[in-house]
Each structure stands twice: as structure tokens, then as C-alpha cells.
Amino acid sequence: MSDAVRVVWDDALTSYDFGPSHPLAPVRVELTMALARELGVLDAVELVGCLPATDDELALVHERHYIETVRRVSESGRADLSAGLGTPDNPAFAGVHEASALITGATLTAARAVWSGEAEHAINVAGGLHHAMAARASGFCVYNDPAVAIAWLLAEGASRVAYVDVDVHHGDGVQAAFYHDPRVLTISLHESPRTLFPGTGFPDETGADGTSVNVALPAGCGDQGWLRAFHAVVPPLLREFDAEILVSQHGCDSHALDPLANLMLSLDGQRTAYQELHKLAHETAGGRWVATGGGGYELVQVVPRAWTHLIAEAAGVPVPPETRTPEDWRAYVRRRTGEVPPLTMTDGRNPEYRDISQGFDPADPIDRAIMATRNAVFPLHGLDPMP
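Residue positions are given per chain, counting from 1 as you read along its sequence in written order. Where totals are concerned, whole chains, interfaces and linings use all residues; where local detail is concerned, this predicted model gives features only for residues with pLDDT of at least 70, and gives and counts side-chain atom pairs only at 80 or more. Excluding hydrogens and water, the side-chain figures rest on all heavy atoms present in the structure.

Next up on the list: the overall build of the protein chain. The secondary structure content of the protein chain amounts to 11 helices and 8 strands. A principal-axis box enclosing the C-alpha atoms of the protein chain has dimensions of 55 × 50 × 45 Å. When the 387 residues of the protein chain are sorted by exposure, 61% land in the buried category. Should any heavy atoms of two residues lie within 4.5 Å, those residues are considered in contact. The long-range share in the protein chain, meaning contacts at least 24 apart out of those at least 6 apart in sequence, stands at 76%. Surface accessibility follows the Shrake-Rupley procedure with a 1.4 Å probe radius. Residue values consider only the protein chains on display as shielding. Surface exposure of the protein chain reaches about 13800 Å², of which carbon and sulfur atoms provide 49%. Segments assigned H or I by DSSP are reported as helices when at least four residues long, segments assigned E as strands when at least two residues long, and all are numbered from the N terminus. Accessibility here uses a 1.4 Å probe with only protein chains present; expressed as a share of the type maximum, an area under 20% marks a residue as buried, one over 50% as exposed, and anything in between as partly exposed.

The subject of this paragraph is the environment of Asn90. Take Asn90: it is sitting in the loop between α3 (64-76) and α4 (96-116). Given a relative accessible area of 1%, Asn90 falls into the buried group. Sequence separation between Asn90 and Ala137 is 47 residues, and the spatial gap between their C-alpha atoms is 6.9 Å. Setting aside anything within four residues of it in sequence, one finds Asn90 in contact with Phe18, Gly84, Leu85, Ala137, Ser138, Gly139, Phe140, Cys141 and Val142. Reaching out from Asn90, the side chain makes a polar contact with the backbone nitrogen of Phe140 at a distance of 3.2 Å. Pairs of N or O atoms are called polar contacts if they sit within 3.5 Å, as long as, within protein, a hydrogen donor faces a hydrogen acceptor (for residues adjacent in sequence, only side-chain-to-side-chain pairs).

Gaps left between atoms are located by rolling a probe of water-molecule size over the structure's atoms. Roughly 180 Å³ of internal volume is contained in the largest pocket. The wall of the largest pocket is formed by Ser192, Arg194, Phe202, Pro203, Ala216, Leu217, Pro218, Pro365, Arg368, Ala369 and Ala372. Where the lining of the largest pocket is concerned, the elements lending two or more residues are β6 (212-217) and α11 (365-377). Here the lining of the largest pocket gets 4 residues from one element, more than from any other, and that element is α11. Ten residues, namely Ala, Val, Leu, Ile, Met, Phe, Trp, Tyr, Cys and Pro, are considered nonpolar, four, namely Asp, Glu, Lys and Arg, are considered charged, and the remaining ones, Gly among them, are considered polar. Grouping the amino acids of the lining of the largest pocket by side-chain chemistry returns 8 nonpolar, 1 polar and 2 charged. Points on a 1 Å grid over protein atoms alone make up a cavity when a 1.4 Å probe fits among them but cannot get out, and a pocket when they form an open set with protein on both sides within 12 Å along at least five of seven lines; lining residues each have an atom within 4 Å of a point. Grid points are joined across faces, edges and corners, and a volume is the space filled by probe spheres set on the points.

Quick look at α11 now. In this model, α11 (13 residues) spans 19 Å end to end at C-alpha, consistent with the 18 Å of a helix rising 1.5 Å per residue. Residues of α11 that are buried: Ile366, Asp367, Ala369, Ile370, Met371, Thr373, Arg374 and Val377. Looking at the packing, one finds that the buried side of α11 touches β6 and α7 (223-241). Two or three places before Ile366, at the start of α11, stands the capping residue Asp364, its side-chain oxygen 2.9 Å from that residue's backbone nitrogen. Given a helix with a known number of residues, its expected span is that number minus one, times 1.5 Å.

Read from one edge of the open sheet, 8 strands run β2-β1-β3-β8-β7-β4-β5-β6, paired in parallel fashion. With partners counted over all chains shown, the strands left at the sheet margins are β2 (46-48) and β6, one partner each. Taken over all neighbouring pairs, the strand axes of this sheet differ in orientation by 15 degrees on average, direction set aside. Across 3 bridges, the pairing between strand β1 (residues 5-8) and strand β3 (residues 121-124) is parallel. Bridging across to β3, Arg6 finds its partner in Ala122. Any two strands with at least two DSSP-identified bridges between them are counted as paired. Between N-to-C directions, angles cover 0 to 180 degrees, with each direction set by a line fitted to C-alpha atoms, over the stretch in contact for helices.

This part covers the packing of aromatic side chains. Only centres within 6.5 Å qualify two rings of Phe, Tyr or Trp (six-membered ring in Trp) as a pair; their planes then separate them into stacked at under 30 degrees, edge-to-face at over 60, and tilted for everything else. The final tally for this structure, using the stated rule, is 5 aromatic pairs. Residues Phe18 and Phe93 carry aromatic rings whose centres are separated by 5.6 Å and whose planes lie at 85 degrees to one another, so their mutual orientation is edge-to-face. Of this pair, Phe18 sits in the loop between β1 and α1 (27-38) while Phe93 is found in the loop between α3 and α4, placing the two residues 75 residues apart along the sequence. You can call Phe18 buried: its relative accessible area is 9%. Under the relative-accessibility criterion, Phe93 is labelled buried at 14%. Centre to centre, the rings of Phe140 and Tyr297 are 5.6 Å apart; their planes meet at 80 degrees, and the pair counts as edge-to-face. On the criterion of sequence distance, the pair formed by Phe140 in the loop between β3 and α5 (145-155) and Tyr297 in the loop between β8 (289-292) and α9 (303-315) is long-range, its members being 157 residues apart. Across the pair, Tyr297 and Phe140 agree in class, each one buried. Taken together through their ring pairs, the aromatic side chains of Tyr16, Phe18 and Phe93 make up a single cluster.

In C-alpha cells form, the structure reads like this:
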């Protein structure tokens, strides 16, 4: 196993663009890569390009008629609501197939590098489009790059793949792709579907032999509660499942400033989650780790800093929280967006949590969410749901 870390990037990845008023603005990944470059983080990785996913690769998850429909929309720019293209969430645009296939190709490039042993970790911050279904675009997502990468890994001989999704929204498309496949463990920590799109991700959605795991957290949950839930559910299941490779989705829309959701994490809490997943990749998956971006709609204050921390963590050169953002990057942000950039790589928080093993409070909504998940799936893995 090589200790190389690869970041997959091509400027053309910013062509995945639903228009100037859409929340999923490609400037967020542009600013991320610029910040990582200015801080020297990219000096610690191998930066590699990518090719678009082929139709055969996309068809590992997506139905052929859907791919053909996306191609037709891509040529004309005209909506086709039968495929979910032309809605406010997923506007139709000329070139949508090419842009979407390139993002999927980037995540496949990351997966190939890790599975072949050419790299230990690999990252595609433009990826993580976890809502796309087999025959329908959904939730800003046209092709489901994490699901395609997982399906490719299975086709290449992987017998157990673990997927952890920390986006504020339920990873419904990835769950749906592998709901009946016991070779894939999907774990999603998200805001309760009672208060947020897509309305799925309840604890009783347990899939094949408990391999679909959902932690549905109440609106307002912050660092302490989120990290308590993460540690109560994710490490025990990953240790028991014993995957050959870990795939993770790092939507940073769980941040308190995100305009589309209601969790209250800080940048520091998110950075802590990246550290924990890095450790778990080494402990439970032989160090094989494929990481993607995902949601995140505070384009200047949150996304660039969060995903720069992700790249730095994977590269083994974590950025100290107190680090000041480079002046050249701040000037670039002002020119590019007209916004005031953040001055440091921290929100000034020191995330701490109380482990569930110290006891739980049945009156606390976060503890109730944790225990609902543990009660639903832990026995199916031979684990005791009680702390």
C-alpha cells in the first residue's frame, strides 16, 4: 500500500453549474482548491486529473434510459421532468451530462487509485452527489458518484465496502442503491427527515441485515450532540463490519451558518469528524479511504475552510485551527465574490462531547435519536444496543 494521497481535480469540474441563483454554486470548490493551494496543503498531495465516467460505468447504478435522457437534455438544454431535470432543484442546462459524468469520473479516479494501492487516500471535493436515484435527478444531483464508485469497487472484487455520510441531508440515493446488498454498509448522520429534505433516513430503514444505518438528529443539534451521536454509532459498526475500503461523503451543510438546514455544527466540530474518520479508515479498512465533498451552501465562510481541512487531514498535514487565511486568498475571494472572507481556519470552538457509555438521558432528543438507531441495527450486527 502506497502512502500517497491523491486529490482529483480538473478546472472543468466547475462546469457542474445550475445557474447564478442556484445554491450549489461551483465557486465553492474553486475557492476550496485556491485556499488549499495558498496554504500549501496541495504540496503534500499528488494532484491528478480525470476523465468522464463512461455510460457503462454510470450504468453500474443508473438505468440506461435515464442516461440517454440526460444526454438528450444535455444536447438541447431543454427540461425533461420525467428524469427530474428542469425543476428548481435540478434545472436543465446544456452540457449537464458531460459535467455530471466528469464529477463521477473524478470519484471513480479516486476509487481506482485507492483500490489499486497507488494511493492510500484519495479525495474529490467536487463529488458527493448522494441524492441522485437510478432513474431520476434529485436534490441538486444528476449522477450519484459515490454510489457509482462503490458499485465499481464491488465489480472489481471488493466484498465489503463501508460508506459514511456526514452531510446534513440523508444520503438517500446511496442508501437506495445498496439497500438490499449486505456487502455495503451505509451510515448516514443527518437532520431529522421530519424537518428536512429528502424526508427519508429514519432509524427503521435498516436494509439488508442492518446494513442501512440512519442517525436522524433533531434540528438545533450542535457539535457536542453530533459528536456524541457519531461516536455512539459509527466506530462500533465500522469495527464490526470490517470493510476493505471506506468511502465517505463530507457535506458541510451541517454548519450553523448554512442557509438550507438547521443543525448547528462549527467548523471545528466538522474538522473533528474528519479526524475521526481518518483514524477509522486506518483502524477498520486497512487505511483505504475515498473521500468526497457534498452539500454546503455557505460558499465563502464555510465550504472552502471545511474542505481544506479535509484535504489537509487526509494528507497528514492538518492545518492548525488558529492559522490565518492567506491574504492572497482573501483578496481573491473579494474579487471573485464581493464578500468578506474569513480571517482564520477556526470558528473558535473546542468541540467536546460526553460519550454515551457514561449513560444516556431518555428525555434528551439527541440521546433518543442515538438509541433509536442503536436499537434498530446493533442487534443485527451482534452488538449490544445498550451503552
